[in-house]
Amino acid sequence: MLTSASALRSAARGAARCTRRRSAPSSWYSASAAPQAEQTLRPEPGAPQPPQPSYTEDDAARDARIFARLRDEAEGLETSPLLGASVRKQILGTDDLASCLGEVLSCRLARSNDSFLPRDELRRACTDALRGDARVGADISAILARDPAAISYLQCIMFFKGFHATQAQRVASIFWKSGDRADRHAALAIQNRISELWAVDVHPAAEIGGGLLMDHATGIVVGETAVIGDNCTILHAVTLGGTGKERGDRHPKIGHACVLGAGATILGNIKVGDGATVGSQAVVTKDVPPGMTVVGLNKLLDPHIDAKREKVVEKRTETWQYEVDTYDGYSI
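What you see is a predicted model; the values in this text were computed from it and never measured. (Residues numbered from 1 in each chain as written. Predicted model: local features only at pLDDT ≥ 70, side-chain atom pairs only at ≥ 80, totals over all residues. Heavy atoms only, no water.)

### Focus: the confidence of the model for the protein
Per-residue confidence for the protein gives a mean pLDDT of 82; residues scoring 70 or more make up 75%. Confidence drops under pLDDT 50 across residues 42–51; counting only partners more than four residues distant or on other chains, this segment forms 30 contacts. Low pLDDT (under 50) marks residues 316–328, which in the prediction has 24 contacts with non-local residues, meaning those over four places away or in another chain. (pLDDT = per-residue confidence, 0-100. Contact = heavy atoms within 4.5 Å.)

### Brief notes about the packing of helix α4 (residues 97–109) against helix α8 (residues 161–178)
At their nearest, the axes of α4 and α8 sit 11 Å apart, and the two run at 100 degrees to each other. Taken as axis vectors, α4 and α8 run roughly perpendicular relative to one another. Residue-level inspection shows Leu101, Val104, Leu105, Arg108 and Leu109 of α4 in contact with α8, the latter providing Phe163, His164, Gln167 and Ala168. Class assignment of the residues belonging to the contact of α4 with α8 gives a composition of six nonpolar, two polar and one charged. (Axes fitted to C-alpha atoms, helices over the stretch in contact; angles between N-to-C directions. Helix = DSSP H or I, 4+ residues; strand = E, 2+ residues; numbered from the N terminus. Parallel < 35°, antiparallel > 145°, perpendicular 65-115°, else oblique. Nonpolar A, V, L, I, M, F, W, Y, C, P; charged D, E, K, R; others polar.)

### Observations regarding a nonpolar patch on the surface
On the surface, Leu82, Leu83 and Phe159 cluster together to form a nonpolar patch covering roughly 330 Å² of accessible area. Residue placement: Leu83 occurs in the loop between α2 (57–75) and α3 (84–92). (Patch = residues over 30% accessible without salt bridge, like charges linked within 9 Å, V, L, I, M, F, W, Y side chains within 5 Å. Areas by Shrake-Rupley, 256 points an atom, 1.4 Å probe, with all protein chains shown as cover. Salt bridge = Lys/Arg side-chain N within 4 Å of Asp/Glu carboxyl O.)

### Section: the side chain of Arg62
Inspection of the secondary structure assignment puts Arg62 in helix α2. Take Arg62: its relative accessible area is 16%, and that puts it in the buried class. A distance of 3.0 Å separates the side chain of Arg62 from the side chain of Asp63, its partner in a polar contact. Apart from the residues lying within four places of it in its own chain, the contact partners of Arg62 are Ala134, Gly137, Ala138 and Ser141. (Buried < 20%, exposed > 50% of the residue type's maximum accessible area, 1.4 Å probe, protein only. Polar contact = N/O pair within 3.5 Å; in protein donor to acceptor, adjacent residues only side chain to side chain.)

This is the structure:
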């Protein structure tokens, strides 16, 4: 959180600051930009920082367990001719989960022999941004719990581009919310690199909760004023976009524990309630009530509407989807 001194500096510089925790949905953040004489990849000391979600002793213990498991898995690959050098530098040569992710992300985001997003600065920026962020460990735990293709912590941290894109966006968000012109352009440079590398385009101002599974990830687009709650699952080719008719707060607000199926398109400043499921290829332009499933064009499937539907639509406990054998066209 901002100290009183830094808050005064922030007010003096005319930058608005967001007062909510990052882990819960709320309105989008905006701040005026103050020009800087010299660009730096790291927010300058004393610059206003976005509020951090609480990082408890339980979170720290969880992250320590994740890192210990990760090191155990990496030691088994240390002599691999293809992976040995990478695991030694990016995992075994680091001290904790944040420094490990700093190595992993900077290795991928930086270009070889290029001053654009230099690796050393990126490594420090990523490490600083992700240390003490409870969402990181929650993301890893969610992937291992909910993705049947996830077989190890090493796979998740080294090879899952949805995880990489999510963490890199968290880093970009730190720069964006510092408010000054140089840092905002650094955030946009990171966004550009994420899109270039992983075909994932998430604006650095978008608010993303913890426990996110961005599965496959290719083609995901998340607009500037979008909000994604905790423990959500987003499959490939999902769009959280605007209608093209509005400015300002114009993107969807996704609640907690929602599932957005492959190819779903959700447009406008609408709300998708907690626990809702948006079916694959659905187009949604209206609010979705909590716990509901929407398919097609704004069509709701209510599993509790009557006794017959209860039998036809069974909420499976081991996965997120509904099994659907009939549909009566119930609309939003």
